[in-house]
Amino acid sequence: MSTRSTKRIFAAVGMTVALATGAAAHHGWSWAEADQIELRGTIQTISMGGPHPTLDVATADDGVWRVELGNPRQTERSGFVEGVAKPGDQVVALGNRSQDPKEKRMKAVRITIGEKRYDIYPDRIRTN
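These figures come from a predicted structure and were not determined experimentally. (Residues numbered from 1 in each chain as written. Predicted model: local features only at pLDDT ≥ 70, side-chain atom pairs only at ≥ 80, totals over all residues. Heavy atoms only, no water.)

Colleague: Whenever I open this one, the nonpolar core confuses me. Can you help?
Modeller: Nonpolar side chains in soluble globular proteins generally cluster together in the buried interior. If you look at the biggest cluster of nonpolar residues, it comprises 22 residues, and the most contacted ones within it are Leu55, Val67, Leu69, Phe80, Val91, Ile111 and Ile113. Going through the elements one at a time, strand S1 (32-47), strand S2 (54-58), strand S3 (64-68), strand S4 (90-98) and strand S5 (105-113) are the ones with two or more residues in this core. Among all residues touching leucine 69, those that are not within four sequence positions of it are His52, Pro53, Thr75, Phe80, Lys107, Ala108, Ile111, Ile120 and Tyr121. (Core = buried A, V, L, I, M, F, W, Y, C linked by side-chain atoms within 4.5 Å. Buried < 20%, exposed > 50% of the residue type's maximum accessible area, 1.4 Å probe, protein only. Helix = DSSP H or I, 4+ residues; strand = E, 2+ residues; numbered from the N terminus. Contact = heavy atoms within 4.5 Å.)

Below, the structure written as structure tokens:
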């Protein structure tokens, strides 16, 4: 095998590893705490785009939090689709907050708007 072919193979392997690592970091839960918290507030903005729909939620005493939902299809399967919530609605988000205490960000496993619950990650919901 030529040196040029060997370099190409190593470059391809390196690129594959880099992409896989990035995808795992993005889609994993390693950035979030193991314990779940409940966040209550008012929806300021809703984004239904990829890679994950998000809510910006204003809390009474802790500022605005970014609440990440599942991927668009998973979020849709939970019943949370465009139009079921709007800015100004009250929301309760159950999920795992960022391990970085300075970052007001959480990955929601369930959100509740009014009396309607949307289980984004039903297998991850831990309730007492």
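Colleague: Which parts of the structure should I look at to understand the pattern of salt bridges?
Modeller: When the charged atoms of two side chains lie near each other, side chains of opposite charge can form a pair. According to the stated counting rule, one finds seven salt bridges in the structure shown. Here aspartate 56 and arginine 66 are joined by a salt bridge, their closest N and O atoms 2.6 Å apart. You can see aspartate 56 sitting in strand S2 and its partner arginine 66 sitting in strand S3, a full 10 residues away along the chain. Put simply, arginine 105 and glutamate 68 hold a salt bridge, and the shortest N to O gap is 2.9 Å. Residue arginine 105 is located in strand S5, and its partner glutamate 68 is located in strand S3; the two are separated by 37 residues in the primary sequence. Through salt bridges that share partners, Glu68, Glu103 and Arg105 make up one connected network. (Salt bridge = Lys/Arg side-chain N within 4 Å of Asp/Glu carboxyl O.)

Colleague: Is there a simple way to explain the packing of aromatic side chains in this structure?
Modeller: For any two aromatic rings, the description comes down to two numbers: the centre-to-centre distance and the angle of the planes. What the rule picks out here adds up to two aromatic pairs. Each ring, one from tryptophan 29 and one from tyrosine 121, has its centre 5.0 Å from the other, and the planes form 80 degrees; the classification is edge-to-face. With a gap of 92 residues between them, tryptophan 29 in the loop between helix H1 (3-27) and S1 and tyrosine 121 in the segment after strand S6 (116-119) connect regions that are remote in the sequence. Judged by relative accessible area, which is 17%, tryptophan 29 ranks as buried. Consider the rings of phenylalanine 80 and tyrosine 118, whose centres lie 5.4 Å apart with planes at 80 degrees: the pair is edge-to-face. Of this pair, phenylalanine 80 sits in the loop between helix H2 (72-77) and S4 while tyrosine 118 sits in strand S6, and the two are 38 residues apart along the sequence. Summarising the burial analysis for this pair, phenylalanine 80 and tyrosine 118 share the class buried. One Lys or Arg, arginine 105, reaches over the ring of tryptophan 31 and ends 3.6 Å from the middle of that ring. Here arginine 124 stacks its cationic end above the ring of tryptophan 29, 3.9 Å away from the centre of that ring. (Phe/Tyr/Trp six-rings, centres within 6.5 Å; stacked < 30°, edge-to-face > 60°. Lys NZ or Arg CZ within 6 Å of the ring centre and 35° of its normal.)

Colleague: Looking at this structure, how should I read the pairing of S5?
Modeller: For a regular strand, side chains alternate in direction, first toward one face of the sheet and then toward the other. Taking burial as the measure, the nine residues of S5 include eight buried ones, the bulk of the element. Bridge analysis of S3 against S5 gives three bridges, and the strand direction is parallel. Residue pairing across strands places arginine 66 opposite arginine 105, the latter belonging to S5. Relative to S5, S4 runs antiparallel, the two being bridged by seven bridges. (Pairing = 2+ DSSP bridges.)

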